[in-house]
Amino acid sequence: TALRDEHGDLMGFAKITRDLTGRRVAEEQSRRLAAESAARTAAEQRNRELDVLNNQLQEQALELEVQTEEAQALAEELEQTNEQLEDALIQAEDSRAAAEMAEQFTRGILESIADPFVVQDSEWRFKYINQSAAQIFAGSGHEGQELIGKRVWEVYPELVGTQYEVQMRRAASERIAITFEAYNPSRSAWSELYCYPLPDGGLATQWRDVTARKRAEESARYLARA
C-alpha cells in the first residue's frame, strides 16, 4: 500500500504479509479426504454391485443345477419308458405269435372235421367255412371265401321260414345246443344238423347228409306196410 503526505507526495510503501500455509494445507487435506471418501463410496458401491452380481450368478448356478437334475430325471424317465415300451412290444409280439399259433391250431382242428362246418356271428354273418362246406356251397354257385361277411339269410333266402331258420335261431337265442333233421328241396337231400351257440353270440353249425339213411328208413316203412 502506497503512503503519501498531506500534500500527496509519495512517502513510501506499507506491506502486510499473512501466512496461508495452514489454510492451504487444510484445503489440500480436505480435498484429499473428499477424494478418499468418494473413492471409498465408489468402492463400496462397486462392492455392493459385485455382491448383487455374485448373488445373481449363484442363483443362476442353482437354477442351472436344478434344471440339470430335472433333465437327468427326465432322461432317466424316458429311458425307463423306452424300456417299458420295448417290453410291451416284445410281449405284444409274443402275444401275436401265440394268437397266430392258436388260430392255426384251431383252424387245423376245424379243417380236420370231415363234415361241413360253418360259424356265423351274432348278426348271422359267415365267419368261418371249412373245406367240406365250401364244396357244398360251390355246388349252389357260391364260393366259400366270397361268403365270409355275408348273412346266411340273404345268401340263401329260400331257408327263411324253414326248419333251418327256426332251429338255428332257437339255438342262438336260447343258448342251447340243438340237433335236428331238415329237408332241402333245392338239393332233394336230407341233412342232420348240430347247432352250438358260441360265447360271442354267434352259432357254429355242423351237418351231414343223411339222405341215404332217410331213404332206407322210408323203404323199410314201405316194406313193413306191404
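Remember, predicted model here, so these are calculated numbers, not experimental data.

**Side note on the overall build of the chain**
Here comes step 1: Check the secondary structure of the chain and you find 5 helices and 7 strands.
Here comes step 2: Tracing the chain from N to C terminus, the helices and strands come up as β-β-α-β-β-α-α-α-β-β-β-α.
Here comes step 3: The contacts of the chain with a sequence gap of at least 6 include a subset with a gap of at least 24, amounting to 30%.
Here comes step 4: Split by element, the accessible area of the chain, about 16,600 Å² in all, is 54% carbon and sulfur.

**Brief notes about the pairing of strand β5 (residues 178-184)**
Here comes step 1: Residues I178, F180, A182 and N184 line the buried face of β5, whereas the alternating positions T179, E181 and Y183 sit on a face that is not buried.
Here comes step 2: Count of turn residues in the β5/strand β6 (residues 189-197) antiparallel hairpin: 4 residues, of which S188 carries a positive phi of about 50°.

**Focus on the sheet that holds strand β3 (residues 117-120)**
By definition, the strands of a sheet pair up through backbone hydrogen bonds, in either a parallel or an antiparallel sense.
Here comes step 1: Spatially, 5 strands are ordered β4-β3-β7-β6-β5 in an open sheet, and the strand pairing comes out antiparallel. One side of each edge strand has no neighbouring strand; the edge strands of this open sheet are β4 (126-129) and β5. Each adjacent strand pair in this sheet contributes to an overall mean axis angle of 25°, direction not counted.
Here comes step 2: Inspection of the sheet shows β3 paired to strand β7 (residues 203-209) by 4 bridges, in the antiparallel sense. Looking across to β7, one finds that V118 is bridged to T205.
Here comes step 3: Lying on the sheet, helix α5 (residues 211-225) is in contact with β5, β6 and β7; it crosses β6 at an angle near 125°.

**What about the nonpolar core?**
Here comes step 1: With 24 residues, the main nonpolar core has I129 and F137 as its most contacted residues.
Here comes step 2: Where this core is concerned, the elements lending two or more residues are β4, α2 (131-139), α3 (152-155), α4 (163-174), β5, β6 and β7.
Here comes step 3: The dominant element in this core, judged by the number of residues it contributes, is α4, at 4 residues.

**Considering the pairing of β3**
Here comes step 1: Along β3, one buried face is formed by F117 and V119 and the opposite face, lined by V118 and Q120, is buried too.
Here comes step 2: Pairing geometry for β3 and β4, over 3 bridges, is antiparallel. Bridging across to β4, V118 finds its partner in I129.
Here comes step 3: Here β3 folds back onto β4 in antiparallel fashion, the turn holding 5 residues, of which W124 has a positive phi close to 65°.

**Side note on unusual backbone geometry**
Here comes step 1: The backbone of W124 shows a phi angle near 65°, a positive value even though the residue is not glycine.
Here comes step 2: Note that W124 resides in the loop between β3 and β4.

**Side note on α4**
Here comes step 1: When the terminal C-alpha atoms of α4 are compared, their 16 Å separation across 12 residues agrees well with the 16 Å that a helix rising 1.5 Å per residue should span.
Here comes step 2: All of the buried residues along α4 are Y164, E165, Q167, M168, A171 and A172.
Here comes step 3: R175, located one to two residues past α4, shows a positive phi value of around 55°.

**Description of a nonpolar patch on the surface**
Here comes step 1: A grouping of L50, L53 and L57 is seen on the molecular surface, where their side chains present a nonpolar patch of about 250 Å² in accessible area.
Here comes step 2: If you trace the backbone, L57 turns up in helix α1 (residues 21-111).
Here comes step 3: What makes L57 partly exposed here is its relative accessible area of 47%.

**Structural notes on a negative patch on the surface**
Here comes step 1: The grouping of E76, E79, E83, E86 and D87 at the surface amounts to a negative patch.
Here comes step 2: Locating E86 in the fold gives a position in helix α1.

**Focus: the side chain of N184**
Here comes step 1: Tracing the backbone through its elements, the reader meets N184 in strand β5.
Here comes step 2: What makes N184 buried here is its relative accessible area of 12%.
Here comes step 3: Leave out the neighbours within four places in its chain, and N184 touches Y164 and A189.

**Some details on the pattern of salt bridges**
Here comes step 1: Under the criterion given, the structure shown has 11 salt bridges.
Here comes step 2: With a closest N to O distance of 2.9 Å, R213 and E217 form a salt bridge. Of this pair, R213 and E217 both sit in helix α5, 4 residues apart, which is roughly one turn of the helix.

Basis of the calculations
- For every chain, the first residue of its written sequence is number 1, and the numbers climb from 1 along that sequence.
- The predicted origin of the model limits local features to residues at a pLDDT of at least 70 and limits the giving and counting of side-chain atom pairs to 80 or more, whereas totals for whole chains, interfaces and linings rest on all residues.
- Neither water nor hydrogens contribute to the side-chain values; these are computed over all heavy atoms in the structure.
- Secondary structure follows DSSP: runs of H or I at least 4 residues long count as helices, runs of E at least 2 residues long count as strands, and numbering of each begins at the N terminus.
- Whether two residues touch is decided by their heavy atoms; if any such pair falls within 4.5 Å, the residues are in contact.
- Methods summary: accessible areas were calculated by the Shrake-Rupley approach with a probe of 1.4 Å, and residue burial reflects only the protein chains presented.
- Type-normalised accessible area, obtained with a 1.4 Å probe on protein chains alone, sets the label of each residue: buried when under 20%, exposed when over 50%, and partly exposed for intermediate values.
- Two strands are said to pair when DSSP picks up at least two bridges between them.
- Orientation is described by axes fitted as lines to C-alpha atoms, over the contacting stretch for helices, and by angles from 0 to 180 degrees between their N-to-C directions.
- Nonpolar core, defined: a set of buried Ala, Val, Leu, Ile, Met, Phe, Trp, Tyr and Cys residues in which side-chain atoms within 4.5 Å join the residues together.
- In a helix, the anticipated span is given by 1.5 Å times the number of residues less one.
- Every patch collects residues that have over 30% relative accessible area and no salt bridge, joining them within 9 Å if they carry like charges and within 5 Å if they are nonpolar side chains (Val, Leu, Ile, Met, Phe, Trp, Tyr).
- One speaks of a salt bridge when a side-chain nitrogen belonging to Lys or Arg is within 4 Å of a carboxyl oxygen belonging to Asp or Glu.
- Lys and Arg are tallied as positive, Asp and Glu as negative. Neither His nor the chain termini are counted.
- Each charge is placed at NZ for Lys, CZ for Arg, CG for Asp and CD for Glu.

Everything listed here is a matter of coordinates, which is why it stays silent on function.
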